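# Observations on the model geometry
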Number of protein chains: 2
Amino acid sequence: MSKISPLSGFPELLPAQRAVEREVIASVSRTFELHGFANIETRVVEPIERLAKGGEVDKEIYVLQRIAAEPDAKADLGLHFDLTVPFARYVLEHAGHLQFPFRRFQVQPAWRGERPQEGRYRQFTQADVDIVGRDELPFHHDVEVMSVMVDALGRLPIPRVSFQFNNRKLIQGFYRGLGIDDVTEAIRVIDKLDKLPEDEVARLLVERVGTTPGQAQRCLELATIRVPDTSFVEQVRALGVSDELLDQGLEELAAVVEGCRAVAGDRVGVEANLRIARGLDYYTGTVVEIFMEGYERLKSVGGGGRYDALASDGRTTYPGVGVSFGVSRTLVPLLADGVLSGSRPVPSAVLVALNTEDERAASTAVAAALRARDIACEVAPEPAKFGKQIRFAERRGIPFVWFVQADAETGQQSHQVKDIRSGEQVDADPATWAPPEADLRPTINTEETPK
Amino acid sequence: MSKISPLSGFPELLPAQRAVEREVIASVSRTFELHGFANIETRVVEPIERLAKGGEVDKEIYVLQRIAAEPDAKADLGLHFDLTVPFARYVLEHAGHLQFPFRRFQVQPAWRGERPQEGRYRQFTQADVDIVGRDELPFHHDVEVMSVMVDALGRLPIPRVSFQFNNRKLIQGFYRGLGIDDVTEAIRVIDKLDKLPEDEVARLLVERVGTTPGQAQRCLELATIRVPDTSFVEQVRALGVSDELLDQGLEELAAVVEGCRAVAGDRVGVEANLRIARGLDYYTGTVVEIFMEGYERLKSVGGGGRYDALASDGRTTYPGVGVSFGVSRTLVPLLADGVLSGSRPVPSAVLVALNTEDERAASTAVAAALRARDIACEVAPEPAKFGKQIRFAERRGIPFVWFVQADAETGQQSHQVKDIRSGEQVDADPATWAPPEADLRPTINTEETPK
């Protein structure tokens, strides 16, 4: 075989980096479970007609075919490109076996054949949390599911994240109250504020949506409201538009911002940002995008919202609300920049040294005694001088080396353990000794400033 | 959308079943870590020329293509069909960043477009554990890696499994010592003992391999040796064949059987079974197949062995030894038969009841206090009479319901928690109360006899 080149868009982690990813996934999963969300995994393939809905993402779908298929066989399966489509299908397929409201989280890869760039990969892992009702889903679940993600991300050692909330009813009601007919097109134009200057967006509102210059001005005023509390309610009221749906949107958004602020510690920002629309058409209430400080170039690292028809089988409709965290989008850049790193590439806290190959059984017995008390360890692969064994441990970041010595005359064993960082070496009993809690497992090292 | 039918060969688990799978994966992963194995994940796609090596599995490979690709574009990526091919590529690609011997485990799905049947799926999860050296890998790692899997499976609440070991050097040396030239073809014929009667296999040895009837007889005698200890050494010696490679094989197999017996508790059988060959050509020493009692129809639920050239880049060769456990192959039938089931479909140990929607904040505060002490819980989705809330918990298997009552006059809260199984209801403090350890998380229920 020849030299291997990486596949663009398919990042792979080295063991110490993977330890970071595992810790992050374990942490968010544990938070979701504490809030009563059950984990599921879906198969990674879906019928193509379920995946391809005429959206932008369609052309990025990977289709699948057996290599031995007839040349003109129609491919009918594709890899899922998010976790929402398969989840909606799972709910429909298994509805008879689920209890509603159904609270689930899901951490799996998804695939998109798009042009790879930082934060955008062809295979990427997401962590989604959703609540789905049958026929109806009370609004308080919006507050709940968003708070859960705030709680989950607040526990991670990543740079500070900011949840920016808006509400589709608020936007829609405002536009309607203002007298704009084509609300969808107006949202689409306002969404361009990221890329175009305000006066250009105003011009497009007049041209494409048919607003008056005055209406366009008010749309822009709404879209520039951004506050870390519920003061947006008064600011919107001050714009003088009144509409029933607007009122409902204001109330919902205020409840979401308040509920999330209540659980957000220092590591999470919560804002009402009335420019957020999320392009996707199926959101019907709460919408959110999550950004990470110092990594605004990644655009959002997560997002979601309320969809009143996540799934439907014609008779029953399943409304849902949920939010997705881009695990790969967040971690791959942070690991590449050295902002996060794993403390060591191996789980072992102890290397049990080996004097001679004949004495392997003695070292293996020490390892077994440590493992019985949940201490990960490994026996040196070959006998070597002590200095060489210490260097072996050093290269792997294993903090402790254990030495077994048998007295040549009595055969009696003596045990010592060395902390190779401090050099301290002490007598130890394999049945009772334990490393400090902090050394038991690989941990995540953080660097304050990105390189 | 219309009614959803399952996709044949792509089994999906309900939440309580998935809880079982998660527990099993967490358990084997923890055992691997205790033995110093680091987790990695590889991307799920590989270049087709790396996957397709002319073997039986080739025609089952799923190839991948962007839906928007030109109609005549050559597909160059496929989904991996095991975890060994991607692991070998990972070692080559990242060798400069790895420490050897490299101890890794990997739990991921793989895909094969084969005809689905019980235990055989188109998407299935495997748990692999391997040790890979650079240039050389001492034999004692064979004993080590096999013992680790014995340890891991012995901790699972699945039916008793049996590790059946053999050694390629033993077979090869025996055939060579017997004067058989085409050892590979002889192994292939002996492998048919599963399907054909002995005299038919003997006839094929004479016909295809060119043995004498006497040689064929001895091959059969070797292949029928099966013992739960190292007594096979004498039985083989008694067949009167002598060869240096045979000696080495006998010694190695004895060491593996002895090492694994030392860690196997009641739940794992360890045998030398000299019929085991494993069809794959790259094994060069230890080979193993794992069977599960009562589920012999699944064939092996795991297997592996030593391969002296797991990977090579032309200059450096990486020998390895490892073993794979079929997570889906084992669990999907056990879950379907009800031999294993999850104790509940939700992580929540407590449902916090809700009197009126206005009092949601009080219930949420109780939930937060419980979560702060690592107790998973959820607040009732809507206010209801106590009986209805208890039935809600019952349907989800949530063992405890928490009631908050505010005194109408003083506003003072009183708390009670009810074990809905016993009906016992006691005063409780959300800051100190905890459920019994056994109720904290969903557990695995086992049924002795398969249905």
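Structure: see above.
First things first, this report covers the structure right here in the doc. Computed from a predicted model, the values in this text were never measured in an experiment. (Residues numbered from 1 in each chain as written. Chains lettered and ligands numbered in written order. Predicted model: local features only at pLDDT ≥ 70, side-chain atom pairs only at ≥ 80, totals over all residues. Heavy atoms only, no water.)

Our focus in this paragraph is helix α5 (residues 168–178) of chain B. Residues and elements named next belong to chain B. With 8 of 11 residues buried, α5 lies mostly within the body of the structure. Inspection of α5 places Arg-168, Lys-169, Leu-170, Ile-171, Gly-173, Phe-174, Tyr-175 and Leu-178 among the buried residues, and these make up the whole buried set. Buried residues along α5 sit against β7 (161–167), α6 (183–190), α8 (213–223), α9 (232–237), α10 (244–263) and β10 (286–292). The residue sitting at the N-terminus of α5 and contributing the capping side-chain oxygen is Asn-167; that oxygen lies 2.8 Å from the backbone nitrogen of Lys-169. Taken from the residues just after α5, Gly-179 is the one with a positive phi, measuring 95 degrees. (Buried < 20%, exposed > 50% of the residue type's maximum accessible area, 1.4 Å probe, protein only. Helix = DSSP H or I, 4+ residues; strand = E, 2+ residues; numbered from the N terminus. Contact = heavy atoms within 4.5 Å. Polar contact = N/O pair within 3.5 Å; in protein donor to acceptor, adjacent residues only side chain to side chain.)

On to the packing of aromatic side chains. All names here are of chain B. Scanning the model with the defined rule gives 22 aromatic pairs over all chains in all. A centroid spacing of 5.3 Å and a plane angle of 40 degrees characterise the contact between Phe-100 and Tyr-318, whose relative ring orientation is tilted. One end of the pair, Phe-100, is in the loop between α3 (84–94) and β5 (102–111); the other, Tyr-318, is in strand β12 (residues 317–326), with 218 residues separating them in the sequence. Residue classification places Tyr-318 among the buried residues on the basis of a relative accessible area of 3%. (Phe/Tyr/Trp six-rings, centres within 6.5 Å; stacked < 30°, edge-to-face > 60°.)

At the interface, 80 residues of chain A touch 79 residues of chain B. Counting the surface lost from both chain A and chain B, the interface buries some 7400 Å², and carbon and sulfur atoms represent 56% of this. The tally of links between chain A and chain B comes to 10 salt bridges. For Glu33(A), the salt bridge identified is with Arg22(B), shortest N-O distance 2.8 Å. Counting the contacts that link chain A with chain B gives 42 residue pairs in polar contact (both at pLDDT 80 or more). With 7 residues, the single largest contributor to the side of chain A that touches chain B is helix α1 (residues 15–34) of chain A. (Buried area = accessible area lost by both parts, 1.4 Å probe. Salt bridge = Lys/Arg side-chain N within 4 Å of Asp/Glu carboxyl O.)

With that out of the way, let us pick up the pattern of salt bridges. Scanning all chains against the criterion turns up 60 salt bridges over all chains. Measuring nitrogen to oxygen at the nearest pair gives 3.2 Å for the salt bridge that ties Glu185(A) to Arg188(A). With Glu185(A) and Arg188(A) both in helix α6 (residues 183–190) and 3 residues apart, this pair spans about one turn of that helix. Classification of Glu185(A) by relative accessible area gives buried; the value is 18%. Residues joined by salt bridges that share partners form a network here, namely Glu12(A), Arg43(B), Glu46(B), Arg89(B) and Glu93(B).

Moving on: the sheet that holds strand β3 (residues 62–66) of chain A. Sheet strands pair by backbone hydrogen bonding; their relative direction is either parallel or antiparallel. Reading across from one edge, β2(A)-β4(A)-β3(A)-β3(B)-β4(B)-β2(B) is the order of the 6 strands in this open sheet, with antiparallel pairing throughout. Two strands in the sheet have a free side with no partner beyond their single neighbour: β2 (45–47) of chain A together with β2 (45–47) of chain B. Between one strand axis and the next, the sheet turns by 45 degrees as a mean value, whatever way the strands run. Bridge count for β2(B) against strand β4 (residues 77–79) of chain B is 3 bridges, and the pairing is antiparallel. Opposite Pro47(B), over in β4(B), you have Leu77(B) as the bridge partner. (Pairing = 2+ DSSP bridges. Axes fitted to C-alpha atoms, helices over the stretch in contact; angles between N-to-C directions.)

In the superposition of chain A on chain B (RMSD 0.0 Å, axial shift 0.0 Å), the rotation amounts to 180 degrees. Such a turn and shift between the copies fits a two-fold axis. Identified as the residue of chain A closest to the rotation axis by C-alpha distance is Leu64(A), at 2.4 Å. (Least-squares fit on C-alpha atoms with pLDDT ≥ 70 in both.)

With that out of the way, let us pick up the side chain of Arg18(B). Among the secondary structure elements, Arg18(B) is positioned in helix α1 (residues 15–34). On the basis of relative accessibility, which here comes to 7%, the residue Arg18(B) falls in the buried class. At 2.6 Å, the side chain of Arg18(B) and the side chain of Asn39(A) are in polar contact. With sequence-adjacent residues up to four places away left out, Arg18(B) is seen in contact with Asn39(A), Ile40(A), Glu41(A), Leu13(B) and Ile25(B).

With that settled, consider unusual backbone geometry. Residues and elements named next belong to chain A. Here Phe-100 and Pro-101 are connected by a cis peptide whose omega angle stands at -5 degrees. Tracing the backbone through its elements, the reader meets Pro-101 in the loop between α3 (84–94) and β5 (102–111). Although it is not a glycine, Asp-135 adopts a positive phi angle of roughly 70 degrees.

Residues and elements named next belong to chain B. Spatially, 9 strands are ordered β1-β5-β6-β12-β11-β10-β7-β9-β8 in an open sheet, and the strand pairing comes out mixed. Two strands close off the open sheet at either side, each with one partner strand: β1 (38–39) and β8 (226–227). Packed onto the sheet, α3 meets β5, β6 (123–132), β11 (302–312) and β12 and runs at close to 35 degrees relative to β11. In the packing of α10 onto the sheet, contacts are made with β7, β9 (268–273) and β10, and the angle to β7 comes to roughly 160 degrees.

The next point concerns a positive patch on the surface. All names here are of chain A. Judged by side-chain charge, Lys-192, Lys-195, Arg-208 and Lys-299 come together as a positively charged surface patch. Within the element layout of this structure, Lys-299 appears in the loop between β10 (286–292) and β11 (302–312). Overall, the relative accessible area of 52% leaves Lys-299 in the exposed class. (Patch = residues over 30% accessible without salt bridge, like charges linked within 9 Å, V, L, I, M, F, W, Y side chains within 5 Å. Areas by Shrake-Rupley, 256 points an atom, 1.4 Å probe, with all protein chains shown as cover. Lys, Arg positive; Asp, Glu negative; His and termini not counted. Charge placed at Lys NZ, Arg CZ, Asp CG, Glu CD.)

This paragraph deals with the packing of α1(A) against helix α4 (residues 140–154) of chain A. Residue and element names in this part refer to chain A. Where α1 contacts α4, the two axes come as close as 9 Å, and the packing angle between them is 145 degrees. Crossing geometry of α1 relative to α4 is assigned as right-handed. Contacts between α1 and α4 pair Val-28, Thr-31 and Phe-32 from the former with Val-148, Met-149, Asp-151, Ala-152 and Leu-153 from the latter. Residue classes in the contact of α1 with α4 are distributed as 6 nonpolar, 1 polar and 1 charged. (Left-handed = near helix turned anticlockwise from the far one by under 90°. Nonpolar A, V, L, I, M, F, W, Y, C, P; charged D, E, K, R; others polar.)

Attention shifts here to the side chain of Arg103(B). Within the element layout of this structure, Arg103(B) appears in strand β5. Overall, the relative accessible area of 6% leaves Arg103(B) in the buried class. Contacts of Arg103(B), omitting those with residues within four sequence positions, involve Glu378(A), His35(B), Gly36(B), Phe37(B), Ala38(B), Asp130(B), Ile131(B), His141(B) and Glu144(B).

The next subject is the pairing of strand β7 (residues 161–167) of chain A. Residues and elements named next belong to chain A. Counting buried positions over the 7 residues of β7 gives 7, a clear majority of the element. Neither face of β7 is open: one carries Val-161, Phe-163, Phe-165 and Asn-167, the other Ser-162, Gln-164 and Asn-166, and all of them are buried. Relative to strand β9 (residues 268–273), β7 runs parallel, the two being bridged by 5 bridges. Note on β9: the bridge partner recorded for Val-161 is Val-268. Direction of pairing for β7 relative to β10: antiparallel, over a ladder of 7 bridges.

So, on to the environment of Ala68(B). Within the secondary structure, Ala68(B) is located in the loop between β3 (62–66) and β4. Along the backbone, Ala68(B) and Phe10(B) are 58 residues apart, and their C-alpha atoms lie at a distance of 25 Å.

A few words on helix α7 (residues 198–209) of chain B. Residue and element names in this part refer to chain B. When the terminal C-alpha atoms of α7 are compared, their 15 Å separation across 12 residues agrees well with the 16 Å that a helix rising 1.5 Å per residue should span. Listed in full, the buried residues belonging to α7 are Val-201, Ala-202, Leu-204, Leu-205 and Val-209. Looking straight down α7, one finds its buried side chains confined to an arc of 160 degrees; they lie on one side. Within α7, the exposed residues directed more than 90 degrees away from the buried face are Asp-199 and Glu-207. Here the buried face of α7 lies against α6 and α8. (Expected span 1.5 Å × (residues − 1). Arc of directions from axis to C-beta.)

Looking now at the packing of helix α5 (residues 168–178) of chain A against α6(A). Residue and element names in this part refer to chain A. At a closest axis distance of 10 Å, the pairing of α5 and α6 adopts a crossing angle of 115 degrees. Here α5 is positioned roughly perpendicular relative to α6, judged by the angle of their axes. For the pair α5 and α6, the crossing hand works out as right-handed. Here Arg-168, Ile-171, Gln-172 and Tyr-175 of α5 come into contact with α6, specifically with Val-183, Ala-186, Ile-187 and Ile-190. Residue classes in the contact of α5 with α6 are distributed as 6 nonpolar, 1 polar and 1 charged. (Parallel < 35°, antiparallel > 145°, perpendicular 65-115°, else oblique.)

No statement about biological role is implied by the geometric values presented.
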